[in-house]
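# Examining the three-dimensional arrangement
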Amino acid sequence: MVTSSVVSSSAVDDIRLLGGVQVRRIGPVRRFWAAHPRLGDVALVVVVVGAFGVVGAAVVRDTVNGIVALGYYPRGGAEHWVVPSVWLAGAVLGAGALLVRRRWPVVVLAVLTAGAVASLMTGGVTGVFGLCLGMAAAAVASSRDARSTWLLVTAAAVTVSAAMWWFQQIGILEMLLWTGYYAEEPYWHLTEPPFSPERRIVSVVLLVGTLLAGVLVGFASRDRRRHAHDIEERYRAVARERDTSAALVRTAERERLAREMHDVVAHSVSVMIALCDGAAAAFDRAPDASREALGELSRTGREALADMQRVLGALDTADATPQGAGLDAVVRRFRTAGMPVSAAGLDTPLPPDTALRLAVKRIVTEALTNVLRHAPGTSAVSVVVRRTGPAVEVAVVNEAGTGPGTGSGTERGIVGMRERVALLGGHMMAGPRAGGGWQVQVTLPCPDAGSGTAVEEGPR
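A quick note: this is a predicted structure, and the numbers were derived from the prediction, not measured.

The rules behind each value
- Residues numbered from 1 in each chain as written.
- Predicted model: local features only at pLDDT ≥ 70, side-chain atom pairs only at ≥ 80, totals over all residues.
- Heavy atoms only, no water.
- Helix = DSSP H or I, 4+ residues; strand = E, 2+ residues; numbered from the N terminus.
- Buried < 20%, exposed > 50% of the residue type's maximum accessible area, 1.4 Å probe, protein only.
- Patch = residues over 30% accessible without salt bridge, like charges linked within 9 Å, V, L, I, M, F, W, Y side chains within 5 Å.
- Areas by Shrake-Rupley, 256 points an atom, 1.4 Å probe, with all protein chains shown as cover.
- Salt bridge = Lys/Arg side-chain N within 4 Å of Asp/Glu carboxyl O.
- Axes fitted to C-alpha atoms, helices over the stretch in contact; angles between N-to-C directions.
- Parallel < 35°, antiparallel > 145°, perpendicular 65-115°, else oblique.
- Contact = heavy atoms within 4.5 Å.
- Nonpolar A, V, L, I, M, F, W, Y, C, P; charged D, E, K, R; others polar.
- Core = buried A, V, L, I, M, F, W, Y, C linked by side-chain atoms within 4.5 Å.
- pLDDT = per-residue confidence, 0-100.
- UniProt positions renumbered as here; feature names shortened; annotations may be inferred.
- Phe/Tyr/Trp six-rings, centres within 6.5 Å; stacked < 30°, edge-to-face > 60°.

So, on to the overall build of the protein. Across its full length, the protein holds 14 helices and six strands. A buried classification covers 42% of the 460 residues belonging to the protein.

Turning our attention to a nonpolar patch on the surface. On the surface, M121, W165, W166, F167, I201 and V205 cluster together into a nonpolar patch covering about 670 Å² of accessible area. Residue assignment for the nonpolar patch shows that the elements contributing at least two residues are α8 (146–167) and α10 (197–281). Here the nonpolar patch takes three residues from α8, the largest share from any one element. Considering the arrangement of structural elements, one finds I201 in helix α10.

For the rest of this paragraph, the subject is the packing of helix α5 (residues 79–98) against helix α7 (residues 129–143). Any two packed helices are characterised by the angle at which their axes cross and by the distance between the axes. Orientation of α5 relative to α7, taken along the N-to-C sense of each, is 10°, at an axis distance of 10 Å. Relative to α7, α5 is oriented roughly parallel. Taken together, the residues of α7 that come into contact with α5 (itself represented by G90, L93, G94 and L98) are F129, C132, M135 and A136. For the contact of α5 with α7, the per-class residue count stands at six nonpolar, two polar and no charged.

So, on to the nonpolar core. Membership of the largest hydrophobic core comes to 48 residues, with the highest contact counts inside it found for L112, L133 and I170. Of all the secondary-structure elements, those providing two or more residues to this core are α4 (37–70), α5, α6 (105–123), α7, α8, α9 (172–178) and α10. Residues in contact with L133, not counting those within four places in the same chain, are L109, L112, T113, A116, V160, L207 and L211.

For the structure on display, the rule yields three salt bridges. Across the salt bridge formed by R386 and E393, the nearest N and O atoms sit 3.8 Å from each other. A relative accessible area of 31% means that R386 is categorised as partly exposed. Its salt-bridge partner being R433, residue E399 comes within 3.3 Å of it at the nearest N-O pair. Of this pair, E399 sits in the loop between β3 (391–398) and α14 (412–423) while R433 sits in the loop between β4 (427–432) and β5 (438–445), placing them 34 residues apart in sequence.

In regions of low pLDDT, the predicted coordinates are not meant to be interpreted in detail. When pLDDT is averaged along the protein, the result is 76, and 72% of the positions lie at 70 or above. When pLDDT is averaged over each element of the protein, β3 comes out on top at 94 and helix α1 (residues 2–16) at the bottom at 41. Low pLDDT, under 50, characterises residues 1–23; the predicted model gives this stretch 29 contacts beyond four residues in sequence or across chains. Across residues 449–460, where pLDDT falls below 50, the model places 28 contacts with residues more than four positions away in sequence or in other chains.

In this section: the UniProt feature "transmembrane region" (unreviewed entry) in the protein. The residues that UniProt annotates with the feature "transmembrane region" (unreviewed entry) are residues 42–60, 81–100, 106–137, 149–167 and 201–220. Secondary structure across residues 149–167 comprises 100% helix and 0% strand; the distance between its end C-alpha atoms is 27 Å. Strand forms 0% of residues 201–220 and helix 100%; the C-alpha atoms that close the span are 28 Å apart.

Right, let's get into the environment of I363. In this fold, I363 is placed in helix α13 (residues 354–374). A relative accessible area of 1% places I363 in the buried class. Linking I363 and V440, residues 77 residues apart in sequence, is a C-alpha distance of 8.9 Å. Each residue touching I363, except ones within four places of it in the same chain, is listed here: V394, M417, V421 and V442.

What follows is about the environment of R299. The topology assignment puts R299 in helix α11 (residues 287–312). Sequence separation between R299 and R333 is 34 residues; the distance between their C-alpha atoms is 9.1 Å.

For the rest of this paragraph, the subject is the packing of aromatic side chains. Geometrically, a pair of aromatic rings is defined through the distance of the ring centres and the angle of the planes. Tallying each qualifying case throughout the model produces two aromatic pairs. Seen from their ring centres, W150 and F219 are 6.0 Å apart, and the 70° between their planes marks the pair as edge-to-face. In this pair, W150 is assigned in helix α8 and F219 in helix α10, connecting sequence segments 69 residues apart. Residue W150 is classed as partly exposed on the basis of its relative accessible area, which comes to 36%. A relative accessible area of 14% places F219 in the buried class.

As structure tokens, this is what we get:
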């Protein structure tokens, strides 16, 4: 039992070490980014938004040259530097806002929406704000409920779409169609590019698609996070349950060891005291009896020491008492201490169950120890062990003592006997007799037991 409780404690410690990353069972790369979210945000902004801003600014500048070649913009106009500058400025603003989107997702969504409108009004381009709005929508969806998410994202989509419809001059189709177009002379001269509903619709659809993708990614991230949290809570519940079970096991083990130590120490010390008193009283008038008592005292001490070693060694069943449960030695020890014990059935064959044998021995020892301590000078004590059908019966009965007891007792012995009997599925009766004295009656189940008769023994 000691070993099992240690194993349980180790298992609980292993469970406590499980965090959200281990519970999700993700790979080493994702585990690194999950452990360093701030570093992941910086990398995302630098790689994605930064690259999109620099490359997009170069492409949109080439698009402006194509528009000039078509005659939609005048040569040498401000559009050559305004549009790329607005694109780069939007990349800087979007990158800075996205760095704090985990802490203030709604504020970041509002700032990026206002930045997109300002970019359209100033340079006629959405720039990187479309991509940034998708990332901000993902952050909102990951941290807010569905109703709030859809309201906020819809408001951003409507606002930016209206600004596109009125102010956009260079959208995705313009960049695809007019980039890289050159001509010596423009085809015609216009003060501004012509309004094209088809191209505006494509830009609006692309924006709405980006926002929807961001919302779906955010919802998926929130669901994964909640799922991982639920798994962690279940692991914690298992850890708490195992902690409780381990604590109960340790408590039971301490109680068992305390009971065993009580049986060993209290019984043996009580007998050894009686033997010492008897040896001292008979030293002058009966030297042989004194030597016999001292020899029994020595054997009792050695047996007590061996019993304590077995208890502290978790009671190895290989060292259990052999057939007969050692009852002869127990009765002989108390007789040597001066107790008039008559015994019957001590040689009754018991089943090979070590727990049952040990229980029989401990019950007899405890009952006789109680007689020695609380009924000194008793005129008769009887011990009977018999097998009756599917049970083993033990009875220890004594007459009332003639002298005062040697202590009030802790009642641990009676409790220990009841616990042993209960663990084996038996029942026990202990209490005073009607005519004086005390009795202990125990019945232990033994399914494979055959019937037997008790053979009376007289006092030796």
